[in-house]
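# Observations on the three-dimensional arrangement
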Number of protein chains: 2
Amino acid sequence: MRPKIYLFGDSITEMSFEDGGWGASLVNHFNRTVDVVLRGYSGYNTRWALKVIEKVFDEETAPLAVTVFFGANDACLPDRCSAFQHVPIDEYKLNLHSIVSFLKGRWPTTQIVLISPPPIDEPTRLLYPFIENKLGLPERTNEVAGNYAKASLAVAAECGVLAVDLWTRMQQLPGWQTACLSDGLHLSKTGNEIVFEEVVEALKKKGLSVETLPVDLPVINEIDPNDPLKSFEGI
Amino acid sequence: MRPKIYLFGDSITEMSFEDGGWGASLVNHFNRTVDVVLRGYSGYNTRWALKVIEKVFDEETAPLAVTVFFGANDACLPDRCSAFQHVPIDEYKLNLHSIVSFLKGRWPTTQIVLISPPPIDEPTRLLYPFIENKLGLPERTNEVAGNYAKASLAVAAECGVLAVDLWTRMQQLPGWQTACLSDGLHLSKTGNEIVFEEVVEALKKKGLSVETLPVDLPVINEIDPNDPLKSFEGI
């Protein structure tokens, strides 16, 4: 059976198979070596993720890796229009610890990649409220998202798992507000490329790459044109 | 466990998670309802597909559906540069019958979608030989691909499974040679959209659609902002 990589997260994961999405790019990249399984749940924060995690991961077989990509919703401000998604930063850290513990407990050999929330472009967020925005203030700020990103990095370090600091990485790009983001929160094509590259890089550090993983069934370049069926003997 | 749809075929399936690919579009479309599993094997014909089918489908649980998309390589001409991939049309029909029989035998409830090979743009094929082309003639012709497409439709009718006649459908588009194809054989963005739409339509005929399939876990629009955790009770 082909090994798996699960993508567990919120809308930035759920939308990762839209045009140019990082999830689709991972499937294409790991073609013939890994099955990439989408487990994105739009709007979810870590509190809700913990309520569903046993149902999400109900398989016996250990996957190669799981990306855990929450925080954008936890970082909604508690006094703004998306307050019902807010999770206090201390609880966010505890919840991430619990998610990592659950995965490590179930599958000790599985690599875990904690992805931090992306940066926020506040002016653009005002154009895309999820629910009625009476205050006229953005439901998230970049500064607070940055604190949640730092918290996510801290948890990764404390647990000894892989980390992607998207918040910092994206802001290294000039004009990141529109280069990396489509609506001040979700990802543009370039933003998607960055997540794809960072996940591939992170997994490579643990020896998980297309160069090292076994390929499923004979590839066309290795099939002898003079005796094609030879390649299929005894597979 | 979320139900599955397998995509079984040659390079047109293997490449279906490239930018705008029909496989990625299916994942995005069936998000939260179905896992789409890629089983594309570049260069394979039905003869080779039969050699590997037991390894490809080694799972107990019946998937909702399997797309079977072979024929482009079977239709390589026996006296041209890709002759090693050629399968005579009578054997192609028998092989498709065997593939359908295997799937029906293993999973009687699974829907099978036979997708015909696409049309061929011969002048463009000359620009993309897979191996050295000493003759200077295209390795495939549109007419012969059409015969294989008809054979695939005949098998679908004989077996009572779903069919997509890509060869006819694509040629209804003016300028299909470049509109639907990227290299005279593989798919452009528009070609990928057509396959995506046709597969969704075919499955809908058997009641498999996002309107009818159960959704995995509470969706954000149904979560009460005043009591979010209520949605997660007893899931």
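Residues numbered from 1 in each chain as written. Chains lettered and ligands numbered in written order. Predicted model: local features only at pLDDT ≥ 70, side-chain atom pairs only at ≥ 80, totals over all residues. Heavy atoms only, no water.

Naming follows an unreviewed UniProt entry, where chain A appears as GDSL esterase/lipase At5g45920 of Nicotiana tabacum.

### Re the environment of F196(B)
Residue and element names in this part refer to chain B. Residue placement: F196 occurs in helix α9 (residues 189-205). According to the relative accessible area criterion, F196 is buried, its value standing at 19%. C-alpha of F196 to C-alpha of H29: the two residues are 167 residues apart in sequence and 9.4 Å apart in space. Beyond its immediate chain neighbours, meaning those up to four positions away, F196 contacts W22, S25, L26 and H29. (Helix = DSSP H or I, 4+ residues; strand = E, 2+ residues; numbered from the N terminus. Buried < 20%, exposed > 50% of the residue type's maximum accessible area, 1.4 Å probe, protein only. Contact = heavy atoms within 4.5 Å.)

### A closer look at the relation of the copies chain B and chain A
Take chain B, turn it by 180°, move it 0.0 Å along the axis, and it overlays chain A with an RMSD of 0.0 Å. The superposition operator between the copies reduces to a two-fold rotation axis. When C-alpha positions in chain B are compared against the rotation axis, the closest is assigned to A24(B), at 2.8 Å. In this assembly, 100% of the residues forming the interface of chain B have copies in chain A that are likewise at the interface, indicating an isologous arrangement. (Least-squares fit on C-alpha atoms with pLDDT ≥ 70 in both.)

### Some thoughts on the interface of chain B and chain A
Between chain B and chain A, the residue contacts involve 45 residues of the former and 45 residues of the latter. The junction of chain B with chain A conceals about 4100 Å² of combined surface from both sides, 63% of it contributed by carbon and sulfur atoms. The interface formed by chain B and chain A holds six salt bridges in total. With its nearest N and O atoms 2.5 Å apart, the salt bridge here joins K189(B) to D19(A). Where chain B meets chain A, there are 18 residue pairs in polar contact (both at pLDDT 80 or more). Secondary structure elements with two or more residues in the side of chain B that touches chain A: α2 (22-29), β2 (35-40) and α3 (46-56) of chain B. With six residues, the top contributor of residues to the side of chain B that touches chain A is α3(B). For the side of chain B that touches chain A, the per-class residue count stands at 22 nonpolar, eight polar and 15 charged. (Buried area = accessible area lost by both parts, 1.4 Å probe. Salt bridge = Lys/Arg side-chain N within 4 Å of Asp/Glu carboxyl O. Polar contact = N/O pair within 3.5 Å; in protein donor to acceptor, adjacent residues only side chain to side chain. Nonpolar A, V, L, I, M, F, W, Y, C, P; charged D, E, K, R; others polar.)

### With respect to the layout of surface pockets
Computed from the structure, the largest pocket encloses a volume of approximately 390 Å³. Taken together, 24 residues form the lining of the largest pocket, with S11(A), S42(A), F130(A), H186(A) and I220(B) sitting closest to its centre. For the lining of the largest pocket, the class distribution of residues is seven nonpolar, 10 polar and seven charged. The calculated volume of the second largest pocket comes to roughly 250 Å³. M1(A), R2(A), D216(A), R39(B) and D58(B) are the residues nearest the centre of the second largest pocket, which is lined by 20 residues in total. Put simply, the parts of the chain that give the lining of the second largest pocket at least two residues each are β1 (4-9), β2 and α3 of chain B. Of the residues contributing to the lining of the second largest pocket, the split by class is nine nonpolar, one polar and 10 charged. (1 Å grid on protein atoms, 1.4 Å probe; cavity = no way out; pocket = protein on both sides within 12 Å on 5 of 7 lines; lining within 4 Å. Points joined across faces, edges and corners; volume = space filled by probe spheres on them.)

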